[in-house]
Amino acid sequence: MMRKFISLCLAVAIISSCSSDTNEFSNGSSDYNHVRSVGASANDLLSNARYNSLLIEIQYMPGYAPDSQAIEYVKSFLSTVLRKDNGISIIQREIPGTSSSSLSADEIRQIENTNRTAFTNGSTMAISVIYTNGQYTGNANTLGIAYRNTSIALLGKTIHDNSGGVGQTSRTKLEATVLEHELGHLLGLVDLGSPMQTGHKDASNGNHCNNQNCLMYYASETTDILGFITTGNIPQLDSNCKADLKANGGK
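All of these numbers come straight from a predicted model, not from anything done at the bench.

**Structural notes on the layout of surface pockets**
Which parts of space are left empty comes out when a probe the size of a water molecule is rolled across the atoms.
Here's step 1: Approximately 230 Å³ is the volume found for the largest pocket.
Here's step 2: Lining the largest pocket, in full, are Tyr73, Ser76, Phe77, Thr80, Val81, Glu180, Ile234, Pro235, Gln236, Leu237 and Lys242.
Here's step 3: If you tally residues by element for the lining of the largest pocket, the top one is helix H3 (residues 68–81), at 5 residues.

Right, here's the structure in full:
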């Protein structure tokens with residue numbers, strides 16, 4: 001089990017959306033384009049200029065409800081980086097599970113299209129978070145993906161299989177780390193929509209920070225990250241990532 005956990009990537013995946021249809025959602029609509037690429041809404045999410053509040057809709061499949069303490073950590077994290085004078089709200093609801101043991105990015109998009117009900121309107125930005133009951137088709141060890149400008153998904157079964165047991169990290173810590181990491185990509189980190197103030201992109205691992213102690217680091221297959229997550233706290237953004245967010249309208 002330890003060897004299996006070492007192979008997991010906390011940095012997970014960033015998936016670009018190819019869709020240009022803003023009317024593909026079944027349960028609502030908005031003048032805002034929710035199907036742009038990851039990071040395209042970074043300034044809208046960070047700043048208070050156009051949208052002064054944030055609504056996060058968490059949709060979870062049966063048996064994979066979010067860890068309540070992890071959600072509190074994530075809300076605290078967002079409050080330290082976002083300028084949202086009217087606050088941050090999180091709503092949760094159960095959605096039907098899937099019969100498939102694995103899901104592709106396109107299948108996750110379709111689940112969002114069918115189930116999402118929170119959209120950007122008025123002065124409120126909206127984000128969709130889906131907790132699935134399957135693994136990710138692209139890589140069975142993936143813990144989460146950011147796949148649209150206001151959309152992320154956590155692979156609930158993979159997270160459950162690798163946390164909360166004897167010798168494993170706590171579910172709260174792992175889930176909060178993955179959630180915060182994926183939200184960091186929606187906020188434009190690194191170099192996805194919040195321009196780098198100082199070069200710190202990990203050239204070998206895409207849109208991730210080159211600081212191995214940063215939340216936005218692409219966790220490679222080493223015991224260093226396992227030891228840090230198991231015995232340490234949830235990783236924090238480093239000074240370079242914080243500077244990028246502040247320069248793009250954040251705190």
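**Examining the packing of aromatic side chains**
Here's step 1: This model, assessed by the stated rule, comprises 2 aromatic pairs.
Here's step 2: Relative to Phe119, the ring of Phe25 has its centre 5.1 Å away and its plane inclined at 65°; by these criteria the two rings are edge-to-face. Here Phe119 lies in the loop between helix H4 (105–115) and strand S5 (124–132) and Phe25 lies in the loop between strand S1 (13–14) and helix H2 (42–46), a separation of 94 residues in the sequence.
Here's step 3: Taking relative accessible area as the criterion, Phe119 reaches 7% and is therefore assigned buried.
Here's step 4: One residue, Arg116, lies across the ring of Phe25, its end atom 5.8 Å from the ring centre.

**A look at the packing of H3 against helix H6 (residues 171–186)**
Here's step 1: At a minimum axis distance of 8 Å, the contact between H3 and H6 shows a crossing angle of 35°. In this structure, H3 crosses over H6, and the sense of that crossing is right-handed. In contact with Gln69, Ala70, Ile71, Tyr73, Val74, Phe77 and Leu78 of H3, H6 contributes Thr172, Glu175, Ala176, Leu179, Glu180 and Leu183.
Here's step 2: A class-by-class count of the residues in the contact of H3 with H6 yields 9 nonpolar, 2 polar and 2 charged.

**Some words on H3**
Here's step 1: The end-to-end C-alpha separation of H3 is 21 Å, in line with the 20 Å expected for 14 residues at 1.5 Å each.
Here's step 2: Burial in H3 covers these residues: Ala70, Ile71, Val74, Phe77, Leu78 and Val81. For H3, the arc enclosing every buried residue in end-on projection is 120°, short of the 170-degree limit, so these residues lie on one face.
Here's step 3: Backbone nitrogen of Gln69 and a side-chain oxygen of the N-cap are separated by 3.1 Å at the start of H3; the cap is Asp67.

**Considering the side chain of Glu175**
Here's step 1: Its place among the elements puts Glu175 in helix H6.
Here's step 2: Of the side chains with opposite charge, Arg171 lies nearest to the buried Glu175, which makes no salt bridge, at 5.7 Å.
Here's step 3: Looking at Glu175, its side chain comes within polar contact range of the main-chain nitrogen of Asp67, at 2.9 Å.
Here's step 4: Within the structure, Glu175 has its side chain in polar contact with the side chain of Tyr131 (distance 2.8 Å).
Here's step 5: Residues in contact with Glu175, not counting those within four places in the same chain, are Pro66, Asp67, Ala70, Tyr131 and Leu154.

**Quick notes on the environment of Thr124**
Here's step 1: If you trace the backbone, Thr124 turns up in strand S5.
Here's step 2: Here the side chain of Thr124 touches Ser53 through a polar contact of 2.7 Å, side chain to side chain.

**Comments concerning the confidence of the model for the protein**
Here's step 1: On average, the protein scores 88 in pLDDT, and the residues at 70 or more come to 86%.
Here's step 2: A low-confidence stretch, residues 1–7 (pLDDT under 50), is modelled with 18 contacts involving residues beyond four sequence positions or located in other chains.
Here's step 3: Confidence drops under pLDDT 50 across residues 220–226; counting only partners more than four residues distant or on other chains, this segment forms 12 contacts.

**Structural notes on the sheet that holds strand S7 (residues 144–148)**
Here's step 1: As summarised here, the arrangement of the 6 strands in space is S1-S7-S8-S5-S2-S3, forming an open sheet in which the pairing is mixed. With partners counted over all chains shown, the strands left at the sheet margins are S1 and strand S3 (88–94), one partner each.
Here's step 2: As paired strands, strand S2 (residues 53–60) and S5 are joined by 8 bridges and run parallel to one another. Across the sheet, residue Ile56 finds its bridge partner in S5, namely Ile127.
Here's step 3: Relative to the sheet, H3 contacts S2, S3 and S5, its axis offset from that of S3 by approximately 150°.
Here's step 4: Its contacts with the sheet put H4 on S2, S3, S5, S7 and strand S8 (151–155), and the angle it makes with S7 is roughly 65°.

**Some details on the environment of Ser41**
Here's step 1: Mapped onto the secondary structure, Ser41 falls in the loop between S1 and H2.
Here's step 2: Ser41 gets classed as buried once you look at its relative accessible area, which sits at 0%.
Here's step 3: Each C-alpha atom, one on Ser41 and one on Gly188, is 7.9 Å from the other, the two residues being 147 residues apart in sequence.
Here's step 4: When neighbours within four sequence positions are excluded, Ser41 is seen to be in contact with Tyr32, Arg36, Met125, Asn149, Thr150 and Leu186.

Analysis parameters
- Residues numbered from 1 in each chain as written.
- Predicted model: local features only at pLDDT ≥ 70, side-chain atom pairs only at ≥ 80, totals over all residues.
- Heavy atoms only, no water.
- 1 Å grid on protein atoms, 1.4 Å probe; cavity = no way out; pocket = protein on both sides within 12 Å on 5 of 7 lines; lining within 4 Å.
- Points joined across faces, edges and corners; volume = space filled by probe spheres on them.
- Helix = DSSP H or I, 4+ residues; strand = E, 2+ residues; numbered from the N terminus.
- Phe/Tyr/Trp six-rings, centres within 6.5 Å; stacked < 30°, edge-to-face > 60°.
- Buried < 20%, exposed > 50% of the residue type's maximum accessible area, 1.4 Å probe, protein only.
- Lys NZ or Arg CZ within 6 Å of the ring centre and 35° of its normal.
- Axes fitted to C-alpha atoms, helices over the stretch in contact; angles between N-to-C directions.
- Left-handed = near helix turned anticlockwise from the far one by under 90°.
- Contact = heavy atoms within 4.5 Å.
- Nonpolar A, V, L, I, M, F, W, Y, C, P; charged D, E, K, R; others polar.
- Expected span 1.5 Å × (residues − 1).
- Arc of directions from axis to C-beta.
- Polar contact = N/O pair within 3.5 Å; in protein donor to acceptor, adjacent residues only side chain to side chain.
- Lys, Arg positive; Asp, Glu negative; His and termini not counted.
- Salt bridge = Lys/Arg side-chain N within 4 Å of Asp/Glu carboxyl O.
- pLDDT = per-residue confidence, 0-100.
- Pairing = 2+ DSSP bridges.

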